[in-house]
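Structural features, examined
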Amino acid sequence: MAEDDATRDSLCGFPPVTLADWRELATRELKGAPVQKLVHRTPEGIELAPLVTAEDVGPAVPRAPLLARSRRGWAVAQEYRQRRPADAGAAAVEDLSHGTEAAWFVLDELVAAGVTAESEGRAGAGVVVGDAANVTALLAGIDLAGAEVVIDAGVRALPVAAALAAEAQRRGLAPGQLRGAVAGDPLALLLAVGEIGWSIEHVYKDMAELTGWAKTMAPGLRTALVDATAWHEAGASAADEIAGALAAALEHLERLVAAGVTVDAAAEALLFVLAVGRDLPLELAKLRAARSVWARVAAACGVGPEGQVMRLHARASRREQSNLDPWVNLIRATTEGVTAALGGADSVALPALDEALGEPSALGRRLARNTQLLLRDESHLGAVQDPAGGSYTIERTTEALARAAWERLQAIEREGGLLASLRAGAVQGRVAAAAQAQAQGVATLRLPIVGASRYAARPMGPRLGAQDEGEAATAGAEQGDRGPAGPNETAGAGAAGSKQGAGGSAGAREGEDAKGSAARRAAVRRVLSQAPWPNVHVLKGMSEVQAGLGGGLGGFQRPGPGERVTPLDRGRLAAPFEALRARGQALGSPKVALVAFGTASEVRPRVEYARAYFPVGGFEVVEDEPTESVQVAAARFANSGARVAVICGADARYATAVPELVPGLRAAGARVIVLAGRPKDLWEALAAAGVDVFIAAGSDALAALGAVQERLEVLA
């Protein structure tokens, strides 16, 4: 060992570096600030340190269940949400012939929940399947013996599975040749929609019947989803996502076992779905921690070794996407795909880069598919079973997340389980608190969104693959996601800022996403106000389901009423900035003139800040040379054609310069006067001198930019 160390030192030519040496250098680079300043704290309270050593890691997490995977590498999956089954099936046929290995069909949430008629599905929100003919159209052209097919059918999983089996039989295939899943997660639908049309008892009875049939006749099909996507899309923390998934899995196990399914069969029927977000180390650790905690939970429930291995599907975050710069979505999906691969997912689905604009284009799907193929087949990310294993940072974060998730799972169980917690609103309250903190981070630019809240890009015009201007216009109008709820604080709006003037979070609710949310809720209310649920007989087995398919899947509704809870408020992080940008463009992309008052070195930091700040709100920025003359500054502004003046300078000049600048700028045509910076001792005096809005690092950018837009609207 000593010889190896000597050889290494001679080859490297660098002297050994101790931890104390690193801390000394870090302190020097931080100009005397403590190294603790480099520690990042997650919403769970986990500290992510810049350097982690073996001494910090502690005992390792269980290895065998954590590393187990059903295959080497992962299955390349793509998800399909086209409204018409034939369109979704045709897209899958094309993709399966070019490298996709697993086709995931996601039903419209309201249809899957059984709370709306098949004809009321929303474009772009999911596949609408109402009868066996729809299932046949969905699967037309797909090699059922060669491809892995997953249908997320919600509470309709039993009749959809019967239709799938009938289609396989028509093609001369035995159910045992089918691979994939026909399943649903009623608890995930409750979180997403707030309602399922059938009683929870009958939903689990169906799940038990389907699981028993598949165990005997179609062992290649999984029949129970554990989908934590709604948690992620609502802004839950990573630990809460894990806890929510495991709490749902426990609810499934308990209900299935009570219905006569063995605990091993119930565990082996589960298919877990987790979304992967922006933070690579944290999200990677999330997937590893989920496997670890599930292995412990399953073992405690008496599940055998095979059932302790989590079958995990990872989907790249739809919450992180933006319609303002869709090309950046391609990079986002790539990093999330890397995270899922390194985190040990069994299958991965990446969204098309233009999915936030409406129905994904063929080119968008192709890029999503080929991204995975490059990561797996050319970059060989799947060649190593646990590539992140042994990294002190990842191991420590995995263990910390596992412990945090365990504590949250215990809290849910103390509340009586996930269903009881949902009925009481406890889960929704915790997620809403986390989402509010996340929304505030987005509004204050601490959580930047490239292309939307940072480095603003021009919105994409025609969608990828659009054939003409009419198609492009239609694509731009189809924005099906909802914006996240968030605080409307106006710390950056200065003396005139108000929640109504914040324009950011408030504006988001006036945009397309909020309209989609209102339409969804209206549809649910419309269905809930209809006649009582039909008193239909309870089906006893798969054969009876198959025999009754002629009446359509909707004919299998159970006696009601169904289950109702308060749903989570989900949406994309960029939605408030998308609404803000749209509002700015509706105003004609008004010009903003940067009034650089002072020397070049004095004004540079705030000029650069303001230059990047205002395009986020749809403003056009006009710049001129710095000046120390009030008259010159006013004259230059008059020639700029702008209606908004942004004073950029040093705090030391503001006390005397601003009261002199404001009258001249007003006389030169300034409708709104903004100050870059917010000196706390001068704020009230500067506001009294005529500054309308203050912008500064850490303040609410949505509120400040919205206040500027509102003033321009009022004064127009």
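Coordinates for the structure precede this section.
What counts and how
Residues numbered from 1 in each chain as written. Predicted model: local features only at pLDDT ≥ 70, side-chain atom pairs only at ≥ 80, totals over all residues. Heavy atoms only, no water. Helix = DSSP H or I, 4+ residues; strand = E, 2+ residues; numbered from the N terminus. Buried < 20%, exposed > 50% of the residue type's maximum accessible area, 1.4 Å probe, protein only. Contact = heavy atoms within 4.5 Å. Areas by Shrake-Rupley, 256 points an atom, 1.4 Å probe, with all protein chains shown as cover. Salt bridge = Lys/Arg side-chain N within 4 Å of Asp/Glu carboxyl O. Phe/Tyr/Trp six-rings, centres within 6.5 Å; stacked < 30°, edge-to-face > 60°. Core = buried A, V, L, I, M, F, W, Y, C linked by side-chain atoms within 4.5 Å. Axes fitted to C-alpha atoms, helices over the stretch in contact; angles between N-to-C directions. Parallel < 35°, antiparallel > 145°, perpendicular 65-115°, else oblique. Left-handed = near helix turned anticlockwise from the far one by under 90°. Nonpolar A, V, L, I, M, F, W, Y, C, P; charged D, E, K, R; others polar. Pairing = 2+ DSSP bridges. Right-handed = clockwise from strand over helix to strand, strands pointing away. 1 Å grid on protein atoms, 1.4 Å probe; cavity = no way out; pocket = protein on both sides within 12 Å on 5 of 7 lines; lining within 4 Å. Points joined across faces, edges and corners; volume = space filled by probe spheres on them.

1. Let's talk about the overall build of the protein
Counting secondary structure elements, the protein contains 30 helices and 18 strands. Within the protein, the fraction of its 716 residues that count as buried is 55%. The long-range fraction of contacts in the protein, counting pairs at least 24 apart against all pairs at least 6 apart in sequence, stands at 78%. Entry remark: accessible area of the protein is about 28500 Å², with carbon and sulfur atoms responsible for 54%.

2. Some details on the pattern of salt bridges
Evaluation of the coordinates by the stated rule reveals 39 salt bridges. One salt bridge connects D240 with R408, and the closest N-O pair in it is separated by 3.1 Å. Here D240, found in helix α12 (residues 238-258), pairs with R408, found in helix α18 (residues 392-414); they are 168 residues apart in sequence, far enough to count as distant. We classify D240 as buried; its relative accessible area is 10%.

3. Brief notes about the packing of aromatic side chains
Tallying each qualifying case throughout the model produces six aromatic pairs. Ring centres 5.6 Å apart and planes at 35° place the aromatic pair Y80 and F105 in the tilted group. Residue Y80 is found in strand β3 (residues 75-80), and its partner F105 is found in strand β4 (residues 102-106); the two are separated by 25 residues along the sequence. Both residues of the pair, Y80 and F105, count as buried. On the basis of an interplanar angle of 80° and a centroid distance of 5.7 Å, the ring pair of F614 and F619 is categorised as edge-to-face. For the pair F614 and F619, a shared accessibility class is recorded, and that class is buried.

4. Re the nonpolar core
In terms of nonpolar packing, the biggest core is built from 125 residues, with F105, L144, W231, L246, F272, W294 and L418 touching the most fellow members. With twelve residues, α12 is the largest single contributor of residues to this core. Here W231 is in contact with L191, A236, D240, E241, G244, I412, L418, V427, V431 and L568, once residues within four sequence places are set aside. V442, A610, F614 and A701 belong to the second-largest nonpolar core, a separate cluster that totals 57 residues.

5. Some thoughts on the packing of α12 against helix α14 (residues 280-300)
Across the interface, α12 lies against α14 with an axial gap of 10 Å and an inter-helix angle of 30°. Relative to α14, α12 is oriented roughly parallel. Where α12 crosses over α14, the two elements pack in a sense that is right-handed. Touching A238, E241, I242, L246, A249, L250 and L253 of α12 are L282, E283, K286, A289, A290, V293, W294 and V297, all from α14. Tallied by class, the residues present in the contact of α12 with α14 amount to twelve nonpolar, no polar and three charged.

6. A word on the sheet that holds strand β14 (residues 591-596)
Reading across the sheet, the five strands line up as β15-β14-β16-β17-β18 and stay open at both edges, with parallel pairing between neighbours. Single-partner strands in this sheet number two, and they are β15 (620-622) and β18 (693-695). Looking at each pair of strands side by side, their axes are set apart by 25° on average, direction ignored. Examined bridge by bridge, β14 and strand β16 (residues 644-648) share five bridges and lie parallel to one another.

7. Quick word on the pairing of strand β11 (residues 312-316)
Taking burial as the measure, the five residues of β11 include five buried ones, the bulk of the element. Residues L312, A314 and A316 line one face of β11 and the alternating positions H313 and R315 line the opposite face, and both faces are buried. Examined bridge by bridge, strand β10 (residues 270-276) and β11 share five bridges and lie parallel to one another. Following the sheet pairing, L274 is matched in β11 by A314. Considered for its hand, the β-α-β crossover made up of β11, helix α16 (residues 326-343) and strand β12 (residues 347-349) is right-handed.

8. Things to note about empty space enclosed by the protein
Where empty space is left in the structure can be found by rolling a water-sized probe over the atoms. For the coordinates displayed, the defined rule picks out eight cavities of 30 Å³ or more. When its volume is computed, the largest cavity comes out at roughly 140 Å³. Residue lining of the largest cavity: 14 residues in total, with E79, L350, P351, A352 and E355 positioned closest to the centre. Taken together, the elements giving at least two residues each to the lining of the largest cavity come down to β3, β11 and α17 (362-378). Residue composition of the lining of the largest cavity, grouped by class: seven nonpolar, one polar and six charged. Estimates place the volume of the second largest cavity at around 80 Å³. Taken together, G154, V155, R156, A157, L158, G184, P186, V203, D206, M207, L210 and T223 form the lining of the second largest cavity. Those elements that place two or more of their residues in the lining of the second largest cavity are α8 (157-170) and α10 (200-217).

9. With respect to unusual backbone geometry
At K31, a position not held by glycine, the phi torsion is positive, near 55°. Even without being glycine, S589 reaches a positive phi, approximately 50°. Relative to the helices and strands, S589 is located in the loop between α25 (575-586) and β14.

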